[in-house]
Amino acid sequence: MADNKAKSTKPVHKTPPKSPSDPAKDRAAKRLSYDLNSSYEGAMAGEISALEEAFRKFAIHGDTRATGKEMHGKNWSKLCKDCHVIDGKNVTVTDVDIVFSKIKGKSSRTITFEQFKEALQELSKKRFKDKNDEEAVQEIYKLIEGKAPIISGVTKAISSPTVSRLTDTSKFTGSHKERFDPSGKGKGKAGREDLVDASGYVSGYKHAGTYDHKVQGSK
């Protein structure tokens, strides 16, 4: 009976064959997608790169063992001073120290870059009171981006009439004058010691050597 029954046939759905794609076009599309993603990621990174670069420069300042990933309190204070975050009116040194102690961990002596941004956000509210929170953060970032520690204590050459007079060898007298030639160049040992003149002429004779020249010229 099973053979006598009509067998029901189900429609077969076949997937149409894909048209052959151009490998060159596929590679170009993938490259375009990659370039767009890279450009977007680079733009996002560029927004914080200048700030992070400044953070790292200040983090390693004065510490040869520092990695630039963490910043201690001394360099945090220097950054705020050198970048004019501290204005002496809205933000003081005390404010900077309080924020640092608040942001860092209880047992930690340093802050990370993320904590650094939190600290700046805290200070931005005091530094730029006339702006909203977002604008204040951007303004305080601008004070720091691209900056580096200011090196202080470098000795500069002083130019003054008094210094010039004391270093002008043409005005030296006595034994000091004998230590330099007319051009101002030091004579070295000859200017410090009395060397014996074995030329046969008396000291200070200005025509030394002229006799031989005259005799040879008359022949």
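The structure presented is a predicted model; accordingly, all values stated were derived computationally and were not measured.

## Observations regarding the packing of helix α2 (residues 73-82) against helix α3 (residues 93-103)
Direction vectors running N to C along α2 and α3 enclose 135°, while the axes themselves pass 10 Å from each other. By the angle class used here, α2 and α3 are oblique. With respect to the hand of their crossing, α2 and α3 are arranged in right-handed fashion. Where α2 approaches α3, its residues Gly73, Trp76, Ser77 and Cys80 are matched on the opposing element by Val96, Asp97 and Phe100. Residue classes in the contact of α2 with α3 are distributed as four nonpolar, two polar and one charged.

## Describing the nonpolar core
Judged by nonpolar contacts, the single largest core of 29 residues is most densely connected at Trp76, Phe116, Leu123 and Ile144. Of all the elements in the fold, those that place two or more residues in this core are α1 (23-59), α2, α3, α4 (113-127) and α5 (133-144). Setting aside chain neighbours within four positions, we find Leu123 in contact with Trp76, Cys80, Val85, Val91, Asp95, Val96, Val99 and Ile140.

## Describing the side chain of Arg127
Its location among the elements puts Arg127 in helix α4. Residue classification places Arg127 among the buried residues on the basis of a relative accessible area of 17%. Within the structure, the side chain of Arg127 is placed 3.1 Å from the backbone oxygen of His84, a separation counted as a polar contact. In this view, Arg127 contacts His84, Val85, Asp87, Asn90, Val91 and Leu143; residues no more than four positions away in its chain are not counted.

## Quick word on unusual backbone geometry
With phi around 65°, His84 is a residue other than glycine that occupies positive phi space. With respect to the element layout, His84 can be found in the loop between α2 and α3. Of the residues examined, His84 reaches a relative accessible area of 51% and is grouped as exposed.

What counts, and where the lines are drawn
- Residues numbered from 1 in each chain as written.
- Predicted model: local features only at pLDDT ≥ 70, side-chain atom pairs only at ≥ 80, totals over all residues.
- Heavy atoms only, no water.
- Axes fitted to C-alpha atoms, helices over the stretch in contact; angles between N-to-C directions.
- Helix = DSSP H or I, 4+ residues; strand = E, 2+ residues; numbered from the N terminus.
- Parallel < 35°, antiparallel > 145°, perpendicular 65-115°, else oblique.
- Left-handed = near helix turned anticlockwise from the far one by under 90°.
- Contact = heavy atoms within 4.5 Å.
- Nonpolar A, V, L, I, M, F, W, Y, C, P; charged D, E, K, R; others polar.
- Core = buried A, V, L, I, M, F, W, Y, C linked by side-chain atoms within 4.5 Å.
- Buried < 20%, exposed > 50% of the residue type's maximum accessible area, 1.4 Å probe, protein only.
- Polar contact = N/O pair within 3.5 Å; in protein donor to acceptor, adjacent residues only side chain to side chain.

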